[in-house]
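# Structural description and commentary
Chain by chain, the residues:
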Amino acid sequence: MTGSHEVVVAHTEDSITTWTLNMPEARNPISGDEVVSRMVDLAAAANADRNVRVVILTGAGSAFSAGGNVKDMVDRVGMFGGNQADIQHGYTSGIQRLTRAIYGCEVPIIAAVNGPAVGAGCDLALMADMRIASENAFFAESFVKLGLIPGDGGAWLLPRAVGAARAAEMAFTGDRVDAATALEWGLVSRVVAADALMDTAKQLAARVASNPPNALRLTKKLLREADTQHLGGILELSAAMQAISHGTADHREALSAFAERRPGQFTGD
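To keep things clear, this report deals only with the structure shown in the data block. (Residues numbered from 1 in each chain as written. Predicted model: local features only at pLDDT ≥ 70, side-chain atom pairs only at ≥ 80, totals over all residues. Heavy atoms only, no water.)

The subject of this paragraph is the sheet that holds strand E9 (residues 190-192). Where strands meet in a sheet, backbone hydrogen bonds hold them as pairs that are either parallel or antiparallel. One open sheet accounts for six strands, arranged E1-E2-E3-E4-E6-E9; its pairing is mixed. With one partner strand each, in any of the chains shown, strand E1 (8-13) and E9 form the two edges of the open sheet. Averaged over all neighbouring strand pairs, the angle between strand axes comes to 20 degrees, with direction disregarded. Bridge count between strand E6 (residues 130-134) and E9: three bridges; the pairing is parallel. Bridge assignment links Ile 132 to a residue of E9, and that residue is Arg 190. (Pairing = 2+ DSSP bridges. Helix = DSSP H or I, 4+ residues; strand = E, 2+ residues; numbered from the N terminus. Axes fitted to C-alpha atoms, helices over the stretch in contact; angles between N-to-C directions.)

Spelled out as structure tokens, the structure:
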């Protein structure tokens, strides 16, 4: 477990790791170099640690994430400083590194959205595989309100979550989508009371983590590849991954557990 001074606090219990954005006084902005580097490092650590089976991502305080640091935009510092070429480089070497790392993390991620998820904060939630929202949460693809566009991949992520028409509505208006509407639109899978959010996320994480870890990672990779490949390519990749899965000790344990009507004991072998 890291210290509370970290911009993102990481805590692992059993096979579940929780990442908590830890700048509540600033509503957890994610555009700073320190946050980006920390999130990239956490994703790499999760990939490397075969004992980690699920990640829960949430925010400290009343907000999930306010996205980009507007004060830095006003002051034109950090990734928002310099000329156009500097700013382009600031995005590709800055927050887009976070997008690639979180979306590309090998481990299933649950976003426990405890409050407002705005701009890049909305897109951060979209980088997760599963999203649970508190009744206090809302989502806003709000870049246009600041005369900007989704610079972190939101134009690719959002339509995959809510469909093209609703993504366009969110991106063109910048309006808030409350938790109930997010549930109706499929942006989240469930909405719960604020005080039940983390318990619900942990229960879901435990259900996921009870499955063979290699199968979880391969399934996530297959789902991610399906975003960009045609059916024929996915069928070929599925056959190759399935051949690997059939050769694992966890597959044999799963078959034994099924036959004996008992929970499986999976090791990642």
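Right, let's get into the pattern of salt bridges. If you walk through the whole model with that rule in mind, you get eleven salt bridges. A salt bridge links Glu 6 to Arg 38; its shortest N-O distance comes to 3.7 Å. Here the residue Glu 6 occupies a position in the segment before E1, and Arg 38 occupies one in helix H1 (residues 33-48), the gap between them amounting to 32 residues. Residue class for Arg 38 comes out buried when judged on its relative accessible area of 16%. Two residues, Arg 160 and Asp 227, come together in a salt bridge whose shortest N-O distance is 3.8 Å. Note that Arg 160 is positioned in helix H6 (residues 154-162) and Asp 227 in the loop between helix H10 (213-226) and helix H11 (231-246), a separation of 67 residues in sequence. Judged by its relative accessible area of 43%, Arg 160 is partly exposed. With a relative accessible area of 28%, Asp 227 lands in the partly exposed category. If you follow the salt bridges from partner to partner, you end up with Arg 50, Glu 106 and Arg 217 in one network. (Salt bridge = Lys/Arg side-chain N within 4 Å of Asp/Glu carboxyl O. Buried < 20%, exposed > 50% of the residue type's maximum accessible area, 1.4 Å probe, protein only.)

What follows deals with the sheet that holds strand E5 (residues 117-118). With mixed pairing, three strands are arranged side by side in an open sheet as E5-E7-E8. Whereas interior strands pair on both sides, the edge strands pair on one side only; in this sheet they are E5 and strand E8 (177-178).

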